[in-house]
Amino acid sequence: MEEYFDVYDERKQKTGRTMARKGYFLHEGEYCLIVLGIIQKPDGRFLITKRSADKRWAAGAWEVPGGGVRAGESSEDAVRREVKEETGLTVSSVLLIDTYSNVDLKRGDNYFVDIYFIREEFDEKDVRIDPHEATGFQLASFDEIKALEDEGQFLHYSRIKTALEKAGELPFSDDC
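Worth saying up front: this structure is predicted, and the values here are computed from it rather than measured.

Student: It is not clear to me how the overall build of the chain should be interpreted in this structure. Could you clarify?
Tutor: In terms of helices and strands, the chain carries three helices and nine strands. Ordered by position from N to C terminus, the α and β elements of the chain give β-β-β-β-β-β-α-β-β-β-α-α. Once the C-alpha set of the chain is aligned to its principal axes, its extents read approximately 45 × 35 × 30 Å. Relative to its 176 residues, the chain shows a buried fraction of 47%.

Rendered as structure tokens:
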């Protein structure tokens, strides 16, 4: 079954149009919406996943759960769905902490990203990774995530760091 997304304008308002996710090309003033879910356990460690090797973009890189918002779906519903699909976890509360946009007219890849913060207690045995999405997971401190970034192996690092700083949710060491 083909997946569709809502087309948004530059004010992040739905235009009433939808577009097929596969093979889309967005023009000036057209955007899709993506979500990221930063999941932190009360002990301060973050749940990160390793992208499947067959992913079209950034195969094998580490990231936080997330993905595209489907047509008719809210951003909050999408982050809950993406976290559930990718990790098997049902999260109790989510907090929108940042939004940014990207415009790439050459590739027709314009998007908004809503970044959510989720503080959730769970056991590692509760994490069930979808093999179509990821090949593994780990619970990592922010310093460990920074080390993966230094190796070029972590996606969205600067955006996640900025969002967590804005929200006051990140205790930094001097080298972060």
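Student: What is the right way to look at the pairing of strand β1 (residues 4-8) in this model?
Tutor: Consecutive side chains along a regular strand alternate between the two faces of the sheet. With four of five residues buried, β1 is to be regarded as a mostly interior element. Summarising the sheet, β1 and strand β2 (residues 14-20) pair through four bridges and their orientation is antiparallel. Opposite Tyr4, over in β2, you have Ala20 as the bridge partner. What sits between the antiparallel neighbours β1 and β2 is a turn of five residues, in which Lys12 has the positive phi angle 65°.

Student: Please clarify how the packing of aromatic side chains should be interpreted in this entry.
Tutor: For any pair of aromatic rings, the description rests on two quantities: the centre-to-centre distance and the angle between the ring planes. A full pass over the atoms with the stated rule returns four aromatic pairs. Ring centres of Phe5 and Tyr24 lie 5.1 Å apart, and the angle between their planes is 80°; this geometry places the pair in the edge-to-face category. Of the two residues, Phe5 sits in strand β1 while Tyr24 sits in the loop between β2 and β3 (32-40), which places them 19 residues apart along the sequence. Centre to centre, the rings of Phe46 and Phe142 are 5.8 Å apart; their planes meet at 70°, and the pair counts as edge-to-face.

Student: I would appreciate a short explanation of the environment of Val64 in the present structure.
Tutor: Note that Val64 resides in the loop between β5 (62-63) and β6 (66-68). Sequence separation of Val64 and Leu47 is 17 residues, and the distance between their C-alpha atoms is 6.9 Å.

Student: For this particular structure, what's the right way to read the confidence of the model for the chain?
Tutor: Note that predicted coordinates carrying low pLDDT should not be read in detail. Overall, the prediction assigns the chain a mean pLDDT of 93, with 96% of residues at 70 or greater. Of all helices and strands in the chain, the one with the weakest mean pLDDT is helix α3 (residues 157-167) (92), whereas β1 scores best (98). In the predicted structure, residues 172-176 sits below a pLDDT of 50 and forms 11 contacts with residues beyond four places in sequence or in another chain.

Student: Which parts of the structure should I look at to understand the nonpolar core?
Tutor: Across soluble globular proteins, nonpolar side chains show a tendency to be buried alongside one another. In terms of nonpolar packing, the biggest core is built from 26 residues, with Ile38, Ile48, Ile115, Ile145, Phe154 and Leu164 touching the most fellow members. Counting residues per element, the ones that place at least two in this core are β1, β3, β4 (46-51), β7 (95-102), β8 (111-119), α2 (142-150) and α3. Among all residues touching Ile115, those that are not within four sequence positions of it are Leu36, Ile38, Leu95, Leu96, Ile97, Asp98, Tyr100, Arg159 and Ala163. In terms of nonpolar packing, the next biggest core, distinct from the first, is built from 19 residues, Tyr8, Tyr31, Leu33 and Val91 among them.

Student: Which parts of the structure should I look at to understand the pattern of salt bridges?
Tutor: A side chain of one charge can pair with a side chain of the opposite charge when the charged atoms of the two come close. A full pass over the atoms with the stated rule returns 21 salt bridges. Among the ionic pairs, Glu10 bridges to Arg11, the shortest N-O distance being 3.8 Å. Taking the relative accessible area as the measure of exposure, Glu10 reaches 49% and is therefore partly exposed. Under the relative-accessibility criterion, Arg11 is labelled exposed at 57%. In this structure, the salt-bridge partner of Asp123 is Lys125, at a minimum N-O distance of 3.3 Å. A residue is classified by how much of its surface remains accessible, and Lys125, at 67% relative accessible area, is exposed. Linked through salt bridges whose partners overlap, the residues forming this network are Glu3, Arg21, Arg70, Glu73, Arg81, Glu82 and Glu85.

Conventions we followed
Going along each chain's sequence as written, the residues are numbered from 1 onward. Since the coordinates come from a predicted model, pLDDT governs what is reported: local features require at least 70, and pairs of side-chain atoms require 80 or more to be given and counted, while whole-chain, interface and lining totals use all residues. In computing side-chain values, all of the structure's heavy atoms are included and hydrogens and water are not. Put simply, DSSP H or I for four residues or longer makes a helix, DSSP E for two residues or longer makes a strand, and each gets a number counted from the N terminus. Think of it in three bands: with a 1.4 Å probe and only protein chains considered, a residue is buried below 20% of the maximum accessible area for its type, exposed above 50%, and partly exposed in between. At least two bridges found by DSSP between two strands is the condition for calling them paired. Side-chain rings of Phe, Tyr and Trp, where Trp is taken by its six-membered ring, are said to pair if the distance between their centres is within 6.5 Å; with planes under 30 degrees apart they count as stacked, over 60 as edge-to-face, and otherwise as tilted. As a per-residue measure, pLDDT tells how confident the predictor is, with possible values from 0 to 100. Should any heavy atoms of two residues lie within 4.5 Å, those residues are counted as being in contact. By convention a nonpolar core is built from buried Ala, Val, Leu, Ile, Met, Phe, Trp, Tyr and Cys residues, the set being connected through side-chain atoms within 4.5 Å. Just to be clear on terms, a salt bridge is a Lys or Arg side-chain nitrogen sitting within 4 Å of an Asp or Glu carboxyl oxygen.

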